Amino acid sequence: MLFPHLAKKEKPLVICPFCRFDDSRVIDSRPTDEGNQIRRRRECTSCGRRFNTAESSILLVIKRSGATEPFSREKVISGVRKACQGRPVNDDDLALLAQRVEESLRLDGAAEVEAQEVGLALLAPLRELDEVAYLRYASVYRNFASLEDFEAEIALLRAEPSRNFKVPKDSRNQALIK
Ligand SMILES: [Zn+2]
C-alpha cells in the first residue's frame, strides 16, 4: 500500500434502516452540488439489504503541516491551470477534471484525505485530458530531476496509450453548467 497510514480513515456511522446494524458497504457515491452533500447507495453487511443515504459531509484535506481545510474544486483547477497553458483545454474541461477528482476521492467514503492523495487522484484524469499538460504537471508533482525522468514517463505513456477519455457534454453534471 502506497500510504499505509491512510488506512485508518474515519468512516461515518450509518445504521441500516432494516436491521439497525451499524456497518454497511458503499456501493455508489455521488457528490451533489459543491460537495456539501453526498448521496450514497449502501449495502448492509448484516442483512444484505440496500438503502440510499444523503450524507452531509465536507471532504477535508489534510495538508502537509497537519492542518485541514475543506476540499476545493477551485484549488484543484488552479493547481493544474498553469500546466494547461497553451493547450486545448477549456474551463469546462477543468471543471470536469475537478469533479472527477472529487468523485474519485469520495468513492471510498472517507471524510478526510491527504493532500498527496488529491495530487495522485488528479494524475489519471489529467492524462486523459491532455498528455502534455500531464507531463508538465507530473514533472513538478513527482519532482523530475533529469531528462531520464521525462524519458521514462514518456515511455510509460507510449506503452500504455490513454483512452483519450472525454465525457460527452450531455452527461456532465448539471451543476457545472451555469
Ligand atoms: Zn441490515
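The structure we're discussing is the one just above.
Residues numbered from 1 in each chain as written. Predicted model: local features only at pLDDT ≥ 70, side-chain atom pairs only at ≥ 80, totals over all residues. Heavy atoms only, no water.

Trainee: Provide a residue-level description of the packing of helix 1 (residues 73-81) against helix 2 (residues 91-106), including the pertinent values.
Mentor: Describing two packed helices takes the angle between their axes plus the distance from one axis to the other. The geometry of helix 1 relative to helix 2 is characterised by a closest axis approach of 9 Å and an angle of 120° between their N-to-C directions. With respect to helix 2, the element helix 1 is oriented oblique. For the pair helix 1 and helix 2, the crossing hand works out as right-handed. Two secondary-structure elements touch here, helix 1 through Arg-73, Val-76, Ile-77, Val-80 and Arg-81 and helix 2 through Asp-91, Leu-94, Ala-95, Leu-97, Ala-98, Gln-99, Val-101 and Glu-102. (Axes fitted to C-alpha atoms, helices over the stretch in contact; angles between N-to-C directions. Helix = DSSP H or I, 4+ residues; strand = E, 2+ residues; numbered from the N terminus. Parallel < 35°, antiparallel > 145°, perpendicular 65-115°, else oblique. Left-handed = near helix turned anticlockwise from the far one by under 90°. Contact = heavy atoms within 4.5 Å.)

Trainee: Can you explain the environment of Gln-116? Please cite residues and give values.
Mentor: Tracing the chain through its elements places Gln-116 in helix 3 (residues 115-129). When the C-alpha atoms of Gln-116 and Tyr-141 are compared, they prove to be 9.5 Å apart, with 25 residues separating the residues in sequence.

Trainee: Can you tell me about the coordination of the zinc ion, naming the residues and giving the values?
Mentor: For the zinc ion, the full set of protein donor atoms is Cys-16 (SG), Cys-19 (SG), Cys-44 (SG) and Cys-47 (SG), and the range of their distances to it is 2.3 to 2.4 Å. For the zinc ion, the four donor atoms in the first shell make angles of 105 to 117° at the metal, a pattern classed as tetrahedral. One chain supplies every donor for the zinc ion, spaced along it as C-x2-C-x24-C-x2-C. Here Cys-44 lies in strand 2 (residues 37-44) and Cys-19 lies in the segment before strand 1 (24-31), a separation of 25 residues in the sequence. (Donors = N, O, S within 2.8 Å, 3.2 Å for Na, K, Ca; no water. Tetrahedral: all angles 85-135°; square planar, octahedral: opposite > 155°, others 65-115°.)

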